[in-house]
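For reference, the chains in residue letters:
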Amino acid sequence: MGRLAGKTALVTGGGNGIGRACVLRFAEEGAQMIVADFNPEAAGKVVEEVAAAGGKAVPVTGDVSDEASVDQMVAAGVDAFGGIDILLNSAGGGSTRDGPVTELDLDEFWRTVRVDLFGTLLCCRKVIPEMVRAGGGSIINISSLRAVIGTHGADAYTASKGGVLSMTRAIAMQWAKHNIRANVMAPGVVLTERVSAFIKEDNPIYRKSLLGPSEPEDVASLALYLASDESRRVTGAVLRLDGGASIY
Ligand SMILES: NC(=O)c1ccc[n+]([C@@H]2O[C@H](COP(=O)([O-])OP(=O)(O)OC[C@H]3O[C@@H](n4cnc5c(N)ncnc54)[C@H](O)[C@@H]3O)[C@@H](O)[C@H]2O)c1
């Protein structure tokens, strides 16, 4: 029996990077997967990978920052598997248009707030009622080490991920009575294809990672713990996955 046998999980941004690694790991542990992404080819490919390994997954295409789109993705997922027990919000990420508040591209500020923060809010908003119906659930949101320690050079992203962190704690407080847990992962550098394309070894978080940067599979291992009943008494937690960068 897998650690997530009998559960259904929706992963946003499931087509690439951390989201993809979580989809594959959760499916390996027996979860039925709803792979949400605005890139249909990427989502479709991950669904094929799950099926090839003997698991069950459906793709749902849409934009997490658009309410109607989130409605439709959640409804399609519930139609496919009857409910949702686990929500992992991975859609998002910073960009090189970010910077210090005095210099950053203001459109980039709203883009990151819309996708990373508002998108996470919308998905929680639509999935929580499903979890209440199911008698509980686990929400896993992705913030960033940038929201936990002082960093510089990506102030829009940092602000947005700070919002994700605080909102997740508020969700944990409000829905504990429905047996819904909500936790935050705060990764340092994770070598996804997107980040590998621009990260440099002199990046302060990269440089201070005592154990080196993480791979997407490292994040998936932590997410699996938060998704499974092994973490049944853990809620409102902020778990750093930074190779020790924050204690450097
Ligand atoms: N990689 C890192 O170093 C790192 C560190 C800390 C936090 N994070 C966070 O982890 C999450 C995943 O990062 P990643 O590196 O795996 O990114 P990625 O670019 O590899 O994957 C993100 C996926 O999300 C999808 N997506 C983006 N915007 C979307 C939207 N509006 N609606 C639906 N799908 C959308 C993309 O199509 C892509 O498949 C992000 O929230 C990022 O901020 C990443």
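Scroll up for the structure.
1. Focus on the overall build of the chain
The number of helices and strands found in the chain is eight helices and seven strands. Taken over the C-alpha trace, the chain has a radius of gyration of 17 Å; the compact-globule value for 248 residues is 18 Å, and the two agree within 12%. Dimensions of the chain, computed from the C-alpha atoms along their principal axes, are close to 45 × 35 × 35 Å. The buried share of the chain, reckoned over its 248 residues, is 52%. As displayed, the chain has an accessible area near 11400 Å², and 53% of this comes from carbon and sulfur atoms. Where the 24 positive side-chain charges of the chain centre and where its 29 negative ones centre are 7 Å apart.

2. So, the site of the ligand
Every one of the 28 residues lining the ligand counts as a neighbour, but Ile18, Asp37, Tyr157, Val190 and Thr192 are closest to it. The fraction of the free accessible surface of the ligand (830 Å²) that becomes covered by protein chains is 92%. The residue inventory of the shell around the ligand, partitioned by class, reads eleven nonpolar, twelve polar and five charged.

3. A word on the nonpolar core
One broad trend across soluble globular proteins is that nonpolar side chains are buried collectively. Among the nonpolar cores identified, the biggest contains 31 residues, and Phe26, Met33, Val35, Leu88, Ile140 and Met185 are the most heavily contacted of them. Elements represented by at least two residues in this core include exactly strand 1 (8-12), helix 1 (17-28), strand 2 (32-37), helix 2 (40-52), strand 4 (86-89), strand 5 (137-142) and helix 8 (216-227). The contact partners of valine 35, leaving out residues within four places of it in the chain, are Val11, Gly14, Gly15, Val23, Ala43, Val46, Val47, Ala57, Val58, Pro59 and Val60. By size, the runner-up hydrophobic cluster in this structure holds 26 residues, among which are Ile84, Val127, Ala172 and Ala182.

4. Topic: the pattern of salt bridges
Enumeration according to the criterion identifies twelve salt bridges in this entry. The salt bridge involving glutamate 49 is made with arginine 20; its shortest N-O contact spans 2.8 Å. Of the two residues, glutamate 49 sits in helix 2 while arginine 20 sits in helix 1, which places them 29 residues apart along the sequence. For glutamate 49, a relative accessible area of 29% gives the class partly exposed.

5. Some details on the environment of serine 166
Its location among the elements puts serine 166 in helix 5 (residues 155-175). In sequence terms serine 166 and glycine 236 are 70 residues apart; their C-alpha atoms lie 9.2 Å from each other.

6. Let's talk about unusual backbone geometry
Phi is positive for asparagine 179, close to 65°, though the residue is something other than glycine. Checked against the element boundaries, asparagine 179 lands in the loop between helix 5 and strand 6 (180-187).

7. Some thoughts on the packing of helix 1 against helix 8
Two elements in contact, helix 1 and helix 8, have axes separated by 8 Å at closest approach and are oriented at 55°. It follows that helix 1 is oblique to helix 8 by the angle criterion. Where helix 1 crosses over helix 8, the two elements pack in a sense that is right-handed. The segment helix 1 lies against helix 8, with Gly17, Ile18, Ala21, Cys22, Arg25 and Phe26 engaging Pro216, Glu217, Val219, Ala220, Ser221, Ala223, Leu224 and Ala227.

8. Considerations on the packing of aromatic side chains
The relation between two aromatic rings is expressed through the spacing of the ring centres and the mutual angle of the planes. One pass over the full model with this rule turns up one aromatic pair. With centroids separated by 5.0 Å and ring planes inclined at 85°, the aromatic side chains of phenylalanine 109 and tryptophan 110 adopt a geometry described as edge-to-face. On the basis of relative accessible area, phenylalanine 109 is assigned to the partly exposed category, the value being 24%. A residue is classified by how much of its surface remains accessible, and tryptophan 110, at 56% relative accessible area, is exposed.

9. Considering helix 8
For helix 8, spanning twelve residues, the distance from its first C-alpha to its last is 16 Å, which sits close to the expected 16 Å at 1.5 Å a residue. Taken together, the buried positions of helix 8 are occupied by Pro216, Val219, Ala220, Leu222, Ala223, Leu224, Leu226 and Ala227. Elements in contact with the buried residues of helix 8: helix 1, strand 4, strand 5, strand 6 and strand 7 (238-241).

The rules behind each value
- Residues numbered from 1 in each chain as written.
- Predicted model: local features only at pLDDT ≥ 70, side-chain atom pairs only at ≥ 80, totals over all residues.
- Heavy atoms only, no water.
- Helix = DSSP H or I, 4+ residues; strand = E, 2+ residues; numbered from the N terminus.
- Rg over C-alpha atoms; globule rule 2.2 N^0.38 Å.
- Buried < 20%, exposed > 50% of the residue type's maximum accessible area, 1.4 Å probe, protein only.
- Areas by Shrake-Rupley, 256 points an atom, 1.4 Å probe, with all protein chains shown as cover.
- Lys, Arg positive; Asp, Glu negative; His and termini not counted.
- Charge placed at Lys NZ, Arg CZ, Asp CG, Glu CD.
- Near = heavy atom within 4 Å.
- Nonpolar A, V, L, I, M, F, W, Y, C, P; charged D, E, K, R; others polar.
- Core = buried A, V, L, I, M, F, W, Y, C linked by side-chain atoms within 4.5 Å.
- Contact = heavy atoms within 4.5 Å.
- Salt bridge = Lys/Arg side-chain N within 4 Å of Asp/Glu carboxyl O.
- Axes fitted to C-alpha atoms, helices over the stretch in contact; angles between N-to-C directions.
- Parallel < 35°, antiparallel > 145°, perpendicular 65-115°, else oblique.
- Left-handed = near helix turned anticlockwise from the far one by under 90°.
- Phe/Tyr/Trp six-rings, centres within 6.5 Å; stacked < 30°, edge-to-face > 60°.
- Expected span 1.5 Å × (residues − 1).

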